[in-house]
Amino acid sequence: MPSAPRYDRIVSLVLVVLLGLAIIFLIDINPNILRARFGGDLPTITVSWLLIASLVVIVSTGADLLTRSHPQMQNQVLPTVNLGFMVIEIAPRYWILPSFSIIGSFAFFRLFSLTLQGVAFALALGAAGGLLLTVLVCQHYALDRRQKPRQRAQLILQVIAYLLAFGCFSAVYFTRLRTLYAATLIGATAVLLAYALLQSSSKQSMLRLSVLVGLLLAESTWALNYWAAPFLLGGTSLLVIFYITTGLLQHYATGTLQRRLFVEYGIIGSGLIAAVIYATFASRM
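Parameters at a glance
- Residues numbered from 1 in each chain as written.
- Predicted model: local features only at pLDDT ≥ 70, side-chain atom pairs only at ≥ 80, totals over all residues.
- Heavy atoms only, no water.
- Helix = DSSP H or I, 4+ residues; strand = E, 2+ residues; numbered from the N terminus.
- Buried < 20%, exposed > 50% of the residue type's maximum accessible area, 1.4 Å probe, protein only.
- Contact = heavy atoms within 4.5 Å.
- Areas by Shrake-Rupley, 256 points an atom, 1.4 Å probe, with all protein chains shown as cover.
- 1 Å grid on protein atoms, 1.4 Å probe; cavity = no way out; pocket = protein on both sides within 12 Å on 5 of 7 lines; lining within 4 Å.
- Points joined across faces, edges and corners; volume = space filled by probe spheres on them.
- Nonpolar A, V, L, I, M, F, W, Y, C, P; charged D, E, K, R; others polar.
- Core = buried A, V, L, I, M, F, W, Y, C linked by side-chain atoms within 4.5 Å.
- Phe/Tyr/Trp six-rings, centres within 6.5 Å; stacked < 30°, edge-to-face > 60°.
- Salt bridge = Lys/Arg side-chain N within 4 Å of Asp/Glu carboxyl O.

Novice: Could you give me a rundown of the overall build of the protein, with the residues and numbers involved?
Specialist: The helix and strand inventory of the protein stands at 10 helices and four strands. Helices (α) and strands (β) of the protein occur, in sequence order from the N terminus, as α-β-β-α-β-β-α-α-α-α-α-α-α-α. Of all 285 residues assigned to the protein, the portion counted as buried reaches 44%. Of all intrachain contacts in the protein linking residues separated by at least 6 positions in sequence, the fraction that spans at least 24 positions is 70%. Counting only carbon and sulfur atoms, one obtains 68% of the accessible surface of the protein, whose full area is about 15,400 Å².

Novice: An account of empty space enclosed by the protein is requested, with residue identities and associated values reported.
Specialist: Scanning the entire structure with this criterion turns up one cavity of 30 Å³ or more. In this model, the largest cavity occupies a volume close to 40 Å³. Taken together, Val 172, Tyr 173, Arg 176, Leu 177, Ala 182, Ile 186, Thr 221 and Asn 225 make up the full set of residues lining the largest cavity. Going through the elements one at a time, α6 (147-175) and α7 (179-197) are the ones with two or more residues in the lining of the largest cavity. Partitioned by chemical class, the residues of the lining of the largest cavity number five nonpolar, two polar and one charged.

Novice: Explain the nonpolar core residue by residue, including any values.
Specialist: Leu 97, Phe 169, Leu 193, Val 213, Leu 217 and Phe 242 are the most contacted members of the largest nonpolar core, which has 44 residues in total. For this core, the secondary structure elements donating two or more residues are α3 (96-109), α5 (118-141), α6, α7, α8 (203-224) and α9 (231-254). Of the residues forming this core, the biggest block, 12 residues, is contributed by α6. Residues within four places of Leu 217 in sequence aside, it is in contact with Phe 169, Ile 186, Ala 190, Leu 238, Ile 241 and Phe 242.

Novice: Explain the packing of aromatic side chains residue by residue, including any values.
Specialist: As enumerated under the stated definition, the model contains 11 aromatic pairs in all. On the numbers, 5.4 Å between centres and 70 degrees between planes, the contact of Tyr 162 with Tyr 243 is edge-to-face. Of this pair, Tyr 162 sits in helix α6 while Tyr 243 is found in helix α9, placing the two residues 81 residues apart along the sequence.

Novice: Just give me the short version of the pattern of salt bridges, but keep the residues and values in it.
Specialist: Tallied over the full model, the rule gives four salt bridges. Taking the shortest distance from any N to any O, the salt bridge between Arg 6 and Asp 8 comes out at 3.0 Å. Judged by its relative accessible area of 45%, Asp 8 falls in the partly exposed class. Between Glu 264 and Arg 260 there is a salt bridge, and its shortest N-O distance comes to 3.0 Å. Remark: Arg 260 and Glu 264 occur in helix α10 (residues 259-284); sequence separation between them is four residues, near one turn of the helix. Using a relative accessible area of 46% as the deciding quantity, one classes Arg 260 as partly exposed.

Note that all results are geometric; they support no functional claim without further evidence.
Written out as structure tokens, the structure reads:
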């Protein structure tokens, strides 16, 4: 009989994260509180991001425990951490989407804090809570033996990964950081989300393909920094590139890559990029 998700643990973890986010938003109302400036053109770091990092550690730990408790994980070989006195198995792949549910929601909706004020914070809390709950439940069903629930869960996780990619890409593009910093942030985000998306029999192959996606997105960021587009359109452009690249590499990793897929993704990508370019010029009129 298939096991059900531990909703008691999942809901408790989500509530802890929402409480932490609410506190962070209260602190974030004052943008100058505990702001670290390193000088030069280095990005400024606020205490809010340090607290977000602590929430990421909490939710990654919770997601790891929930994943390793699944019956299907008992027969899988997981990475281990040797602490000297004990060896701990970890499931780092299952940390990514739960962590970005917090990072993406916070980074994206805080961009609207000046215009929407409290509504932006409410939207961020709702998005973070909803995405985190959905991800944790779907990660459980993605390990199910039954094909139909597993495929449905994997599809939902893919959609969420693309939404989180859009939020993070848009947030970085909004800051207009120097290319070195923006490309690094977007490239690292693309590597992690691609690793969560790609399916392959070899972990080394997944890592190489994910790094390839990250390098392509970093190079695309360099080109887009010379294009004065609104941040939402910039994020959309990066999302289109990310979608096409991960889609083709997914088929390559599973051995289902065919010539018609290049044509299909080419048509979809060209249409989306053309729509973004049109919207960019229309926004300037």
